[in-house]
Amino acid sequence: MDVRVLTRRRPSSLDTPPATTPPPAPAPLRAHRHAGDLVRVGLGLAVLGIGFLIARRGEISLVERDLFRLVNDLPTLLMPVVWLVMQLGNVVAVPTLAAVAALARRFRLARDLAVSGALAYLVADQVKGIVQRERPIGLPVGDVLNEQVTGLGFISGHSAVAAALATAAAPHLSRRSRRVVWVLAWTVGLARIHVGAHLPLDVLGGLAAGWAIGSLVHWLFGVPRWEPQVDRVVALLSRFGRPVDDLRPAGVRAMSSHPFTGRSEGRPVFVKVLDPDRYERDWLYRVARWVAVRDVKDADALAPLGQQAEHEAVAALTARQRGVQVPAVLLARGDERGAVVVQDLLPGRPLDELPPTELTPELLRRVWEQVALLHRARIAHHDLVAASVLVDPDGQPWLLDFGNAQVGADADALAGDVAELLASLAGTTDVAVLVHAAVSGLGADAVAGALPGLTWLSLSAATRDRLHRQGTGLAELRAAVRSHLGLPDPDRPGALRVSAPARLAAVGSAVVVFVGLTAIAGPTGVFESVERGGWRWLGGALAFALLGRVAGAAAVLVSVERRIALGRAFGATMSTDCASVLRGRPGGRQVAARFLEDAGVLTATAEQATVRVARGAVLGSVLVAGTALVLGLVQGRMPDWRAPESSLPVVLVGAGALLLVAVGQLLTRHGVRSAPGPRLLASGVPHPSDRAADAVRWAALTGWSAAGIAWEGAALAAALHAVGADVPLLASTMLYAVVRLLWVLVPELSLPGAGEVLLLLLALTALGAPLADACAAVLLYRLLTFWLPVGGGALLIGAVQRHGLR
């Protein structure tokens, strides 16, 4: 983030905590963390987990056998070179490379190499002992050349160590050197296949494990950050035709740039050196953040450095041309070796550092007038927090930090600026004064348009953190806006406050279900069923359950016009499941509507969306059940219906769990004001005037709902395979869709106890599955698709209430 002041300022959404000024040379590397490393850990573990499930089968696929033969049969002319490179994955390489780094006084690099390499070696050894997969010499892969290696194969220890060392070293190296170390790591894996020591799946699992371990070490210890040396910055500025004297660090830190101050042609200037390795350039992090919160503010971060500098200059110059008080841009230039933005250096203080006595109504009005000029030019700042407004000694506000700005922005982006600045200033002055100044400077329509954005999930992480530290909630700010504009304050009954007895009742229902069904199947029947069927199918059940949940979240997304993130819709579905257990289906829909509202959806629209989602689930259930029935009849694979066995004990267990849930719902509803939830078949829900767009929305909603139900049916089928039950896929899918339809139409049938009984009696034992297998399959399925989301929803609702989202 840019800085135009000589005084220290608080960090904004792109800043990191203040640090001491580094010496000119050599520039120290400061460690910092970022979420991209956690994304790598998750992806590495996912690949390792999939490989684990495949390796546990004890079979070799034709593809893996052919890949092994392709590499193993390569000529042996380069065997000495291959053997030498392969030693980079030997455990001896770990202390050797760490010692070399320490001798070069690269102590952080030495630490990362030692920890990552040692952990990779230990983890590989443990995984081998669990999987017990043989090496190629003991498997039907044909003649194995070069080495007769015995022992266990999955995962490759050499590959794990090499990948961990490459991951650990990458942040300490240049981009070209990073490519070299990763080529060496992959070469180690290919060399292990060439010498006949490992199969391709062993190598892939080892590389994934090492990648995850090295990334975890970076998350724990932090990674070094590139620091430009003063003399190189001076040379870069001179080469671009803007020599600067007395260049020195500005005394503040920014996450995506390096600020300096100096003098050029007799005037004080601010020099912003763009970071070539800024974390926003991490495409894995960007994809994960877009999926989670759809909030990748700096869309230009992947562009070349020179283009980034020019983008910021264009936005600032356009704003200045349209009358916004913005420091003059003197230079914006870059190439592959670096990029800089030079602007006038202004004296003053950021708005967030002014004491409350100086935040006068007149100053606030002038600030909002500058925002009005900016928006009149159709420029969205995208980071308009209090720290982005500088107040000069004459009391005039200046807008800074246009690195994330968007020219030609739409109304939603402009409204987001207003909401962000309102929330950022909410804890520094009286909200009534703040709202009055905003209306005076912007107009009533602009402030009213920001209301959907005055919700916790719509704000930046920096603003949320600031509100949390100040103990300031958004409810007072929203109420002040509505009061000033004369707008009604909608009822918000969706907050879920649950007493301890009600929680105990819900937990008790889960205990009754799991203990009761396990007792009916026999103390060891459930585990024997799983062991007989194979644990590898559990991975498939988990994947299908996750896909079903993602499809359900996608159905929520298409139910509203406003763009919200998949992760937020995912949270809404889990919170709905939890609230449905504690308060019933109407309460579940109320909580879902509140989560959508907190993502910026208007109250009435959020409530309508819950009705659409429920109707889409009905249509999707009918579609899946009908399709499965038609396919089953055409192919002649429909089984005979059988009378369920031992139904009375199952019914008693279900009744006991359902009774506990009913008691918990009574305890939750007692003394809590709640409005009735939207009726599933209620009329009067407004439809868009554009019938074509409405038809497309309903088609997408039905499609995603059907996909989610189909994936859940696949999860049930995978659970049946895991326990060794012989139930036709089409039959189980069709009957599950029927059960799902009953759950939607009669919500009480989906509650703990009733849901398990329906699956056991109707969808499994009636199809001929043995009782022990049916109990095991139902427990696994409901754990993955119901109980784990309910637990996640409980944690999410608790976090919402602790941070005062409502």
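Note: the structure precedes this text.
Computed from a predicted model, the values in this text were never measured in an experiment.

1. With respect to the packing of helix 12 (residues 361-376) against helix 14 (residues 431-442)
Moving on, step 1. Running from amino to carboxyl end, helix 12 crosses helix 14 at an angle of 40°, the nearest separation of the two axes being 8 Å. Between helix 12 and helix 14, the interaxial angle falls into the category oblique. Considering how the two elements wind past one another, helix 12 and helix 14 form a crossing that is right-handed. Only Val 433, Leu 434, Ala 437, Ala 438, Ser 440, Gly 441 and Leu 442 of helix 14 make contact with helix 12, whose side of the interface consists of Pro 361, Leu 364, Arg 365, Trp 368, Glu 369, Val 371 and Ala 372.
Moving on, step 2. Of the residues that constitute the contact of helix 12 with helix 14, the class distribution is 10 nonpolar, two polar and two charged.

2. Focus: the environment of Gly 241
Moving on, step 1. Note that Gly 241 resides in the loop between helix 9 (230-239) and strand 3 (245-249).
Moving on, step 2. Judged by relative accessible area, which is 54%, Gly 241 ranks as exposed.

3. Focus: the sheet that holds strand 7 (residues 338-344)
Picture the strands of a sheet paired through backbone hydrogen bonds; they go either parallel or antiparallel.
Moving on, step 1. The antiparallel open sheet is built from five strands, whose spatial order is 3-4-5-7-6. Bordering the open sheet on either side are strand 3 and strand 6 (329-335), each of which pairs with just one other strand. Sheet twist, expressed as the average angle between the axes of neighbouring strands with direction ignored, equals 20°.
Moving on, step 2. In the packing of helix 9 onto the sheet, the strands contacted are strand 3, strand 4 (257-264), strand 5 (267-274), strand 6 and strand 7, and the crossing angle to strand 7 comes to about 80°.

4. A short note on the environment of Asn 90
Moving on, step 1. One can find Asn 90 in the loop between helix 3 (79-86) and helix 4 (93-103).
Moving on, step 2. With 98 residues separating them along the chain, Asn 90 and Val 188 place their C-alpha atoms 9.6 Å apart.
Moving on, step 3. Setting aside its immediate chain neighbours within four residues, Asn 90 contacts His 158 and Val 161.

5. Describing the pairing of strand 4
Moving on, step 1. Buried residues dominate strand 4, accounting for seven of its eight residues.
Moving on, step 2. Two strands pair when backbone bridges link them, and strand 3 and strand 4 are joined in this way by three bridges, in the antiparallel orientation. Looking at strand 4, one finds that Arg 248 is bridged to Thr 261.
Moving on, step 3. Taken together, strand 4 and the strand that follows it, strand 5, pair antiparallel across an intervening segment of two residues, in which Glu 265 is found at a positive phi of about 55°.

6. Some points on the side chain of Arg 133
Moving on, step 1. Within the fold, Arg 133 resides in the loop between helix 5 (107-131) and helix 6 (157-169).
Moving on, step 2. A distance of 3.0 Å separates polar atoms of two side chains, one belonging to Arg 133 and the other to Glu 64.
Moving on, step 3. Side chain to side chain, Arg 133 and Asp 202 meet in a polar contact 2.9 Å long.
Moving on, step 4. Those residues within four positions of Arg 133 in sequence are excluded, and the remaining contacts are Ala 55, Glu 59, Ile 60, Glu 64, Gly 151, Leu 152, Gly 153, Phe 154, Leu 199, Leu 201 and Asp 202.

7. A look at the sheet that holds strand 11 (residues 397-399)
Moving on, step 1. Spatial strand order, 8-10-11: three strands in an open sheet with antiparallel pairing. Every other strand in the sheet has two partners, leaving strand 8 (349-350) and strand 11 as the edge strands with one partner each.
Moving on, step 2. Against the sheet, helix 12 touches strand 10 (389-391) and strand 11, its axis set at about 30° to strand 11.

How each quantity is defined
- Residues numbered from 1 in each chain as written.
- Predicted model: local features only at pLDDT ≥ 70, side-chain atom pairs only at ≥ 80, totals over all residues.
- Heavy atoms only, no water.
- Axes fitted to C-alpha atoms, helices over the stretch in contact; angles between N-to-C directions.
- Helix = DSSP H or I, 4+ residues; strand = E, 2+ residues; numbered from the N terminus.
- Parallel < 35°, antiparallel > 145°, perpendicular 65-115°, else oblique.
- Left-handed = near helix turned anticlockwise from the far one by under 90°.
- Contact = heavy atoms within 4.5 Å.
- Nonpolar A, V, L, I, M, F, W, Y, C, P; charged D, E, K, R; others polar.
- Buried < 20%, exposed > 50% of the residue type's maximum accessible area, 1.4 Å probe, protein only.
- Pairing = 2+ DSSP bridges.
- Polar contact = N/O pair within 3.5 Å; in protein donor to acceptor, adjacent residues only side chain to side chain.

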